[in-house]
Amino acid sequence: EKGELRYQINYRVYPDNATEKKVSFSYQASPEGCATVDEYGVVNFTSSGMIKVFVITTDGGDAQDTVTVIAKATKN
């Protein structure tokens, strides 16, 4: 959609033979409200800004990765 950018977070759970591969996502956006992340790891930007996405295993493990995505609005 015009004025909106989407980005799919790609991730991989290690080890490859892990029995539980489910993850959840949390995030910090700056400025607040410039972007969100849904339960599938899709980042939706609505304005210029930066978002830090945390990919967290749901099996109680402490593994976590951080992905930073930066988007800048452009004039069309």
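Residues numbered from 1 in each chain as written. Predicted model: local features only at pLDDT ≥ 70, side-chain atom pairs only at ≥ 80, totals over all residues. Heavy atoms only, no water.

Visitor: Help me out: how do you make sense of the sheet that holds strand E3 (residues 35-37) in this one?
Guide: What links the strands of a sheet is backbone hydrogen bonding, and the strands pair in either a parallel or an antiparallel sense. The sheet built from three strands is open, its strands ordered E1-E4-E3 with antiparallel pairing. Of all strands in the sheet, those bounded by a partner on one side alone are strand E1 (5-8) and E3. Each adjacent strand pair in this sheet contributes to an overall mean axis angle of 15°, direction not counted. Strand direction decides the pairing type here: E1 and strand E4 (residues 42-45), joined by four bridges, are antiparallel. Counterpart to Leu5 in the pairing with E4 is Phe45. (Pairing = 2+ DSSP bridges. Helix = DSSP H or I, 4+ residues; strand = E, 2+ residues; numbered from the N terminus. Axes fitted to C-alpha atoms, helices over the stretch in contact; angles between N-to-C directions.)

Visitor: I keep staring at the side chain of Asn44 and nothing clicks. Help me out?
Guide: Relative to the assigned elements, Asn44 resides in strand E4. According to the relative accessible area criterion, Asn44 is buried, its value standing at 15%. (Buried < 20%, exposed > 50% of the residue type's maximum accessible area, 1.4 Å probe, protein only.)

Visitor: Hey, could you run me through the nonpolar core in this one?
Guide: Grouped burial of nonpolar side chains is what soluble globular proteins tend to show. Membership of the largest hydrophobic core is limited to twelve residues, which are Ile9, Val13, Val23, Phe25, Cys34, Ala35, Val37, Val43, Phe45, Ile51, Val53 and Val55. Counting residues per element, the ones that place at least two in this core are strand E2 (23-30), E3, E4 and strand E5 (49-57). Sorting elements by how many residues they give to this core places E5 first, with three residues. (Core = buried A, V, L, I, M, F, W, Y, C linked by side-chain atoms within 4.5 Å.)

Visitor: Explanation requested: the packing of aromatic side chains in the structure shown.
Guide: Aromatic ring pairs are defined here through the distance separating the ring centres and the angle between the ring planes. In the structure shown here, the tally under the stated rule is one aromatic pair. Judged by centre distance (5.7 Å) and plane angle (70°), the ring pair of Tyr11 and Phe25 falls under edge-to-face. With Tyr11 in the loop between E1 and E2 and Phe25 in strand E2, this pair connects stretches of sequence that are 14 residues apart. Looking at Tyr11, the relative accessible area reads 41%, which means it is partly exposed. Classification of Phe25 by relative accessible area gives buried; the value is 16%. (Phe/Tyr/Trp six-rings, centres within 6.5 Å; stacked < 30°, edge-to-face > 60°.)

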